[in-house]
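Coordinate inspection notes
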Amino acid sequence: MKTKDEFSREHLLYLKRRRNDKIFVNCARVALIIIFLALWELFYRLGAIDGFIFSAPSKIFKSLVNLTKTGELFKHAGITLFETVAGFAIATSIGTLVALALWWNDRLRRILDPYVVVLNSLPKIALGPVIIIWFGSGTKSIVVMTILITVIVTTITMLSGFTATDKNKIFLLKSLGAKKPQILTKLVIPSSLPTFISMLKINIGLSWIGSIMGEYLVSRAGLGYLIVYGGQVFKLDLVYAATLTLCLLATGMYALVSLIEKITVGKKQTS
Amino acid sequence: MKEILTLDKVGLIYHSPVGETQAVKNMSFSVAEGEFVAMIGPSGCGKSTVLNMIAGLIKPSEGKIKLNGEEVSSAAGKFGYMLQRDELFPWRTIRKNVTLPLEIKRIKNKENEDYAFGLLKKYGLKEFADHYPDQLSGGMRQRVALIRTLAAKPDLLLLDEPFSALDYQTRLSVCEDVFRIIREENKTSVLVTHDISEAVSVADRVILLSSRPAAVRKEYTVDFDKDLSPLKRREDPRFRDWFELLWRDLNDENER
């Protein structure tokens with residue numbers, strides 16, 4: 001490979017084109033949101049759209065500032081974040097452990113297979129009333145809802161990851177005299193790491209669905225509650241402010257998992 | 001010479017929901033210490049199955065398989081198995097890959113590790129010890145796989161078409177290396193292959209298996225000088241004669 005000062009003119013041009021292309025994409029991204037917000041605000045100011053129904057960027061911003069000042073935003077966001085993270089953590093652990101058990105015992109897997117299929121296709125929200133009766137109308141119910149929505153998918157994803165372990169590599173370990181615990185720790189778990197990471201990413205989305213849906217059903221606090229309340233009293237700026245916060249939190253959590261992915265999977269597991 | 005492996009009237013029946021298949025029937029042969037035996041046979045005759053039985057991974061339905069006079073029951077660890085693909089673990093460095101057998105057999109200590117690293121060094125792979133498998137070429141990876149196989153100091157090497165996934169050029173050179181390493185480390189080996197020229201170029205003795213149910217059809221003692229390398233053998237005038245003889249017999253077997 002040639003070093004920087006040996007590059008041909010053509011190669012320098014190529015690098016420049018690449019860089020310009022990147023700059024263009026980034027600028028376009030920023031411009032898109034600015035234009036969208038500006039048009040929205042403009043139409044609102046000109047009276048082309050009704051601020052009561054559609055709200056406006058300035059109103060949403062004001063609402064966000066107010067919510068921050070009173071500390072309400074942090075309270076509600078904190079509650080929802082807690083519910084989401086708790087549900088996410090518990091569901092991920094339980095789901096992975098169940099998947100491990102099903103991988104370990106093939107007969108158990110065959111016995112439970114139809115139940116897993118039914119539970120997976122059941123819309124978990126249908127269990128809402130039962131959950132409320134069992135766990136009351138509070139945080140506990142919402143966490144349970146989050147777990148229910150996430151746990152089955154986790155089990156199915158992880159189990160398929162475990163069972164997709166290269167048969168020849170299992171054979172190799174067996175030929176060395178390896179027993180099941182060794183096959184699990186030396187091969188199945190490390191080779192399922194990419195599946196685990198992509199499962200975490202899916203679960204983030206599902207956990208947010210769970211917690212917000214739970215808050216729609218029963219709650220007196222949280223971002224989902226703010227959204228429902230804002231809708232009921234026609235405070236659309238409140239609805240948007242809460243939704244925006246939700247977006248930021250979810251993106252943050254996703255970025256965190258991406259970071260974990262970079263650290264654990266890294267370059268070495270490309271093949 | 002001392003016989004290290006003996007198969008005595010071994011038979012195997014496969015069970016499946018639709019019926020049972022006699023895969024191996026009345027198979028007897030033995031392998032002497034330091035010998036390199038190649039097994040060839042019609043495709044689908046169950047060559048690999050025989051290796052699996054020798055390794056104790058499949059229990060024969062009848063007959064006895066003995067290694068060093070002891071009946072093999074499970075993969076107790078006296079075998080080294082080399083497969084078609086290298087099956088190196090991509091998340092482990094070369095160093096960690098070759099010591100895998102030591103971890104599995106719980107014999108990971110300084111002495112054994114040094115032995116494995118010594119092999120890496122001896123066969124020109126030392127500078128790649130901290131690389132990951134996907135940074136190595138196919139031929140190098142297969143050599144690493146052989147060193148991994150040797151790391152636990154097996155009494156018997158079982159080679160299941162170990163070169164068939166490589167391109168022709170690489171296959172010849174890796175075969176050359178593997179042959180040399182096996183000779184230098186003085187290992188007893190059983191190779192399964194469908195490639196007649198490969199069998200003739202490495203083996204002291206070739207066993208021709210019959211089509212299903214597999215049994216020993218014929219044995220040939222290949223009379224090359226023991227230390228003649230595979231490539232040199234291919235240049236030898238007798239190579240052609242051996243090839244033609246085996247080719248004819250294998251064809252007859254295929255048509256049965």
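So, here is what we can say about the structure in this document.

Quick notes on the rules
In this convention, every chain numbers its residues from 1, walking through the sequence in written order. Throughout, the order in which chains and ligands are written sets their labels, letters from A for the former and numbers from 1 for the latter. For a predicted model such as this one, the threshold for reporting local features is a pLDDT of at least 70, and the threshold for listing and counting side-chain atom pairs is 80 or more; totals across whole chains, interfaces and linings nevertheless cover every residue. Only hydrogens and water are removed before side-chain values are computed, so all heavy atoms of the structure are retained for them. Exposure categories follow from relative accessible area, calculated using a 1.4 Å probe and restricted to protein chains: below 20% of the type maximum is buried, above 50% is exposed, and the middle band is partly exposed. The secondary structure listing takes helices from DSSP runs of H or I that are at least 4 residues long and strands from runs of E that are at least 2 residues long, numbered from the N terminus. Regarding the arc, it is the one traced by the directions from the helix axis to the C-beta atoms. Two residues form a contact once any of their heavy atoms are found within 4.5 Å. Buried area: the accessible area, evaluated with a 1.4 Å probe, that two parts lose upon being put together, summed over both parts. Here a salt bridge means any side-chain nitrogen of Lys or Arg lying within 4 Å of a carboxyl oxygen belonging to Asp or Glu. The axes are straight lines fitted to the C-alpha atoms, using for helices just the contacting stretch, and the angles between their N-to-C directions are given from 0 to 180°. For classification purposes, an angle smaller than 35 degrees is called roughly parallel, one larger than 145 roughly antiparallel, one from 65 to 115 roughly perpendicular, and anything else oblique. Crossing chirality is assigned from the near helix's rotation relative to the far helix, an anticlockwise turn below a right angle marking it left-handed and a clockwise turn marking it right-handed. The classification used treats Ala, Val, Leu, Ile, Met, Phe, Trp, Tyr, Cys and Pro as nonpolar, Asp, Glu, Lys and Arg as charged, and all other residues, Gly among them, as polar.

1. A short note on helix α11 (residues 223–232) of chain A
Residues and elements named next belong to chain A. Inspection of α11 places Leu-223, Gly-224, Leu-226, Ile-227 and Gly-230 among the buried residues, and these make up the whole buried set. One face of α11 carries all of its buried residues, which in axial projection span an arc of 160°. For α11, the secondary structure elements touched by its buried residues are α4 (72–104), α10 (193–217) and α12 (236–264). Following α11 by one or two positions, Phe-234 has its phi on the positive side, about 55°.

2. Section: the interface of chain A and chain B
Accessible area lost when the parts come together is the quantity often used to give the size of an interface. Residue-level contacts link 20 residues of chain A with 20 residues of chain B. Summed over both partners, the interface of chain A with chain B buries about 2100 Å², with 66% contributed by carbon and sulfur atoms. If you look at where chain A meets chain B, you find two salt bridges. When the shortest N-O distance is used, the salt bridge between B:Glu87 and A:Lys169 registers 3.2 Å.

3. Some thoughts on the packing of α4(A) against α12(A)
Any two packed helices are characterised by how steeply their axes cross, that is the angle between the axes, and by the distance between the axes. Residue and element names in this part refer to chain A. Packing of α4 against α12 leaves a shortest axis separation of 11 Å and a crossing angle of 40°. Compared by their axis directions, α4 and α12 come out oblique. For the crossing formed where α4 meets α12, the hand is right-handed. Residues Leu-73, Ala-77, Leu-81, Thr-84, Val-85 and Phe-88 of α4 pack against Thr-245, Leu-249 and Met-253 of α12. A per-class count over the contact of α4 with α12 returns seven nonpolar, two polar and no charged.

None of the figures reported here should be taken as evidence of function without further support.
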